[in-house]
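So you can see what is in the structure, the chains are spelled out below.
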Amino acid sequence: MTAPEIIDLGGGLVLRRWRTADAEAQSQAIAESREHLLPWMPWAGRVTVEERRTTLARWEREWDTGGDLVYGLFLGPLVAGGFGLHRRIGPTGLEIGYWVHSAHTGRGYATKAAAALTTAAFTLPSITVVEIHHDRANVASEGVPRKLGFTLVEEYPRAAAAPAESGTFRLWRMSRDRWRPAEASSPPHQA
Ligand SMILES: CC(C)(COP(=O)(O)OP(=O)(O)OC[C@H]1O[C@@H](n2cnc3c(N)ncnc32)[C@H](O)[C@@H]1OP(=O)(O)O)[C@@H](O)C(=O)NCCC(=O)NCCS
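Residues numbered from 1 in each chain as written. Predicted model: local features only at pLDDT ≥ 70, side-chain atom pairs only at ≥ 80, totals over all residues.

### Description of the overall build of the chain
Note the threshold: Labels follow the DSSP assignment, with helices taken as runs of H or I lasting at least four residues and strands as runs of E lasting at least two, numbered in each case from the N terminus. Here the globule rule is a power law, 2.2 Å times the number of residues to the power 0.38, and the radius of gyration is based on C-alpha atoms. Labels follow a simple rule on C-beta atoms placed from the backbone: if 20 or more others lie within 10 Å of a residue's own, it is buried; if 12 or fewer, it is exposed; otherwise it is partly exposed.
What the chain contains, in helices and strands, is 5 helices and 9 strands. Sequence-ordered secondary structure for the chain, helices as α and strands as β, is β-β-α-α-α-β-β-β-α-β-α-β-β-β. The C-alpha atoms of the chain give a radius of gyration of 16 Å, which matches the 16 Å a tight globule of 191 residues would have. Relative to its 191 residues, the chain shows a buried fraction of 31%.

Following this line, the structure appears as structure tokens:
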């Protein structure tokens, strides 16, 4: 089974696999969200259309060869954010990463998209866990796994790589057997 290339979230909101042709729209959305992203994502300050073309082309190759699955969040034709299922936690897990355009935050989009990607991850036979990692100071990011009922597993030191980071990360985990999309608003489980 392969991951879906398009996931309809309803209300005009769609997760779609990024394509190289999205380079301009993606770089514009990142530029518009620069001040909002920079505290947590220093790469946002280095984005150009050319650099995005190269990055998106690499993501296309990685998807095709069994690597990371990276999606754009689209509201109609507008880029509303970026999400990824990253293969960096071993062969049986995927880590969700996300950012939402500054004009579209606080509407539940990250929660909705992360829920859909958790469901998509568990359609892949090899995947038994989905994780979300974020800096302890990033309360907006923490709201997503908390709302979805992920378990807070641990805190661990990680050298601060962005201006607002504290150097302590939180790891939240969901297992295939515990995932109930309909219960996504249940209280978080503490390890
Ligand atoms: C983190 C981020 C993706 C959240 O996107 P979002 O679409 O606004 O998130 P949601 O609307 O789904 O919010 C989910 C929960 O998070 C919490 N939350 C969201 N923004 C918050 C904020 N600014 N302060 C405190 N809590 C917040 C809320 O508890 C919310 O639940 P509620 O709707 O019941 O109040 C967005 O703020 C962002 O792009 N931040 C910059 C990039 C980043 O930090 N990415 C994550 C790196 S690990």
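### Focus on the packing of helix H4 (residues 109–121) against helix H5 (residues 139–148)
Worth spelling out the cut-off: Fitted lines through C-alpha atoms serve as axes, helices being fitted only where they are in contact, and the angles separating the N-to-C directions of these axes extend from 0 to 180 degrees. In what follows, roughly perpendicular refers to angles from 65 to 115 degrees, roughly parallel to angles under 35, roughly antiparallel to angles over 145, and oblique to any angle outside these ranges. A crossing counts as left-handed when the near helix is turned anticlockwise from the far one by less than a right angle, and as right-handed when that turn is clockwise. Note on contacts: each residue gets a C-beta atom placed from the backbone, and two residues are in contact if those atoms are within 7 Å. Residue polarity follows a fixed list, in which Ala, Val, Leu, Ile, Met, Phe, Trp, Tyr, Cys and Pro are nonpolar, Asp, Glu, Lys and Arg are charged, and the others, Gly among them, are polar.
Two elements in contact, H4 and H5, have axes separated by 9 Å at closest approach and are oriented at 55°. Relative to H5, the element H4 lies oblique. Pair H4 / H5 crosses with right-handed handedness. Note on element contacts: H5 touches H4 through Val-144, Lys-147 and Leu-148, opposite Ala-110, Thr-111, Ala-114, Ala-115 and Thr-118. Residues that form the contact of H4 with H5 fall into these classes: 5 nonpolar, 2 polar and 1 charged.

### Examining the site of the ligand
Keep this limit in mind: Near, as applied to residues and a molecule or strand, means the residue's backbone-placed C-beta atom lies within 6 Å of it.
Within the structure, the ligand sits among 22 residues, and Thr-105, Ala-110, Thr-111, Ala-140 and Gly-143 are positioned closest to it. When contributions to the shell around the ligand are tallied by element, the ones reaching two or more residues are helix H2 (34–37), strand E5 (93–100), H4 and H5. Counting residues per element, the shell around the ligand draws most heavily on H5, at 6 residues. When the residues that make up the shell around the ligand are grouped by side-chain class, the tally is 11 nonpolar, 9 polar and 2 charged.

### Thoughts on the environment of Leu-13
Mapped onto the elements of the fold, Leu-13 is located in strand E2 (residues 13–17). Along the chain, Leu-13 and Glu-62 lie 49 residues apart, while their C-alpha atoms are 25 Å from each other.

### Notes on the environment of Tyr-71
Relative to the helices and strands, Tyr-71 is located in strand E3 (residues 69–75). Among the residues examined, Tyr-71 registers 27 C-beta atoms within 10 Å and is labelled buried. A C-alpha to C-alpha distance of 8.3 Å links Tyr-71 and Leu-85, two positions 14 residues apart in sequence.

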